[in-house]
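Overview (structure and organization)
Below are the chains, spelled out letter by letter.
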Amino acid sequence: MKYLLLGFAVLTLSFCLPVDATPFFNSKLGYNLSYKAYSGYEKIDWYFPEQTARMYYSLWQGVGDDIKDKSVPIIIWLQGGPGAASQFGCFNEVGPLYIHPDGKLQENGYSWSNRGHLVCVDQPVGVGFSYNRGKPVTDTYEASLHFTNFLHNFLSEWNFLENPLYISGESYAGHYIPSFARFLMANVSLGINLRGVMIGDGYLDPVNQMNFYDSMTYTAGISSLSAREQTTSVQNQALLNLFSGRYQ
Amino acid sequence: MNFRKYDQDNINPNYWKFLNDNKKQFGVPDDVNYVEDGDAMYKAFGKDISMSFAAELEWV
């Protein structure tokens, strides 16, 4: 009996949730997943030692994957904006569940959690459920510092440092991701196993991108001459707004 | 084809209400509410918005 109890204790302790991580999508939310999902907060303690800001994430365990398997990819999903929360893409695009307007949940057969552990991070601090009780983040550089801090804490606490890491996102994440990747590559001593990045419709080079939608769509044969003229007018206005500081 | 078709009909603009209504289940503190997007962040990121990050990428 003593050995049986000891075995049970070892099994129980072999996987401990990090502090501030909560298992969810249990019966309380009216949906039972066939795998595990968690949400939680990470400290950004290099920059906010008093914890006046923390970063929120949801973690969707890869379908059929063991949480302790070091070969399972960690796929980070980042929304754009700036200021768009990644739970948007999580529950509308890449995650395993959609939220219908009536509040019911439906499974997404194309979830990226079919390919690894999916982690949707609300960043920079101050968007989504991530909070910031100090002054707002103002640029990608500052967001990169905070995200690197988040990633180091998150991967360490979940014991994911060795897993291959992929950072993905869309739109304004075309600003964030190249900068985040550069920070990680410049700080290899953190031991983060960055293997690749994926950017969809990236807002990478605003002025040059905005200036060529008209000719790009026209020469690709997907817009008419009149549509091209309309696009030219819109993109000129967008550039004018950009140079005049009207960003929204 | 192993692709999901994305269009406006797929998007639930009120998804955040579900998140807020269930924030306790997600371990979110009572005094934190979901901030989807907004003017404040656009204004704060003013200069950053016009910056190019093309130079950060290595074309292969």
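Numbering of residues begins from 1 in every chain and follows the order in which that chain's sequence is written. Whichever chain is written first becomes A and whichever ligand is written first becomes 1, with later ones labelled in order. Residues qualify for local features only when their pLDDT is at least 70, as the model is predicted, and side-chain atom pairs are given and counted only at 80 or more; totals for whole chains, interfaces and linings, by contrast, use all residues.

1. A closer look at the overall build of chain B
Along chain B, the regular secondary structure elements total three helices and zero strands. Scanning chain B from its N terminus toward the C terminus, one meets helices and strands in the order α-α-α. Residues with at least 20 neighbouring C-beta atoms inside 10 Å of their own are called buried, those with 12 or fewer are called exposed, and the rest are partly exposed, where every C-beta is derived from the backbone. Residue burial in chain B is summarised as follows: out of 60 residues, 25% are buried. Numbering goes from the N terminus for both helices and strands, where a helix is a DSSP run of H or I of at least four residues and a strand is a run of E of at least two.

2. Digging into the pairing of strand β9 (residues 165-170) of chain A
All names here are of chain A. Relative to β9, strand β4 (residues 74-78) is paired through five bridges, and the arrangement is parallel. Counterpart to Ile-74 in the pairing with β9 is Leu-165. Should DSSP find at least two bridges between two strands, the strands are regarded as paired. As defined by bridge partners, β9 adjoins strand β10 (residues 194-200) across six bridges and the pair is classed as parallel. In the sheet register, Glu-170 faces β10, and the bridge partner there is Gly-200.

3. Overview of the nonpolar core
Any nonpolar core is a set of buried residues, restricted to Ala, Val, Leu, Ile, Met, Phe, Trp, Tyr and Cys, that join up through C-beta atoms within 7 Å. Grouped together as the largest cluster of nonpolar side chains are 67 residues, with contacts concentrated most on A:Trp77 and A:Val119. We call two residues in contact when the distance between their C-beta atoms, placed using the backbone, is within 7 Å. Every residue in contact with A:Val119, bar those within four places of it in the chain, is listed here: A:Tyr57, A:Leu59, A:Ile74, A:Ile75, A:Ile76 and A:Trp77.

4. Looking at the domain arrangement of chain A
Domain delimitation follows an automatic or database domain assignment. Each assigned domain of chain A is listed with its residue range as follows: domain 1 (17-204) and domain 2 (205-248). One C-alpha centre belongs to domain 1 of chain A, the other to domain 2 of chain A; they are set 32 Å apart.

5. Points about the environment of A:Ser111
All names here are of chain A. Inspection of the secondary structure assignment puts Ser-111 in the loop between β6 (105-107) and β7 (117-122). Separated by 61 residues in sequence, Ser-111 and Glu-50 place their C-alpha atoms 36 Å apart. Excluding residues within four positions of it along the chain, Ser-111 makes contact with Val-94, Gly-95 and Pro-96.

6. Brief notes about the interface of chain B and chain A
Listed by partner, the interface residues are 37 residues for chain B and 46 residues for chain A. Going through the elements one at a time, α1 (15-21), α2 (39-44) and α3 (46-49) of chain B are the ones with two or more residues in the side of chain B that touches chain A. Looking at the side of chain B that touches chain A, the element that brings in the most residues is α2(B), giving six residues.

7. Some points on the packing of helix α3 (residues 140-157) of chain A against helix α4 (residues 173-186) of chain A
Residue and element names in this part refer to chain A. Note on definitions: angles span 0 to 180 degrees between N-to-C directions of axes, and those axes are lines fitted to C-alpha atoms, for helices only across the stretch in contact. Look at α3 against α4: their axes get within 9 Å of each other, and the N-to-C directions meet at 55 degrees. The angle between α3 and α4 falls in the class oblique. The element α3 and its partner α4 pack so that their crossing is right-handed. Contact residues: α3 offers Thr-140, Tyr-141, Ala-143, Ser-144, Phe-147 and Thr-148, while α4 offers His-175, Tyr-176, Ser-179, Phe-180, Phe-183 and Leu-184. Each angle receives one of four descriptions, namely roughly parallel if under 35 degrees, roughly antiparallel if over 145, roughly perpendicular if within 65 to 115, and oblique otherwise. For any helix crossing, the convention is left-handed if the near helix is rotated counterclockwise from the far helix by under a right angle, and right-handed if that rotation is clockwise.

8. Regarding the pairing of strand β2 (residues 37-43) of chain A
Residues and elements named next belong to chain A. The element β2 is extensively covered by neighbouring structure, given that six of its seven residues are classed as buried. Examined bridge by bridge, strand β1 (residues 21-23) and β2 share three bridges and lie antiparallel to one another. Looking at the pairing, Pro-23 lines up with Tyr-38 of β2.

9. Focus on helix α7 (residues 225-244) of chain A
Spanning 20 residues, α7(A) covers 29 Å between terminal C-alpha atoms, matching the ideal 28 Å at 1.5 Å per step. The first or second residue beyond α7(A) is A:Gly245, which carries a positive phi of 85 degrees. A helix is expected to span 1.5 Å multiplied by its residue count minus one.

10. Considering the confidence of the model for chain B
All names here are of chain B. Looking at chain B, the pLDDT average stands at 78 and 75% of residues meet or exceed 70. The predictor's confidence in any single residue is recorded as pLDDT, a number from 0 to 100. Per-element averaging of pLDDT across chain B places α2 at the bottom with 83 and α1 at the top with 88. Across the whole predicted complex the pTM is 0.86, and at the interface the ipTM reaches 0.82.

11. Some words on the environment of A:Gly64
All names here are of chain A. Along the chain, Gly-64 turns up in the loop between β3 (53-60) and β4. Judged by the 10 C-beta atoms lying within 10 Å of it, Gly-64 falls in the exposed class. Note: C-alpha distance between Gly-64 and Val-125 (61 residues apart in sequence) is 32 Å.

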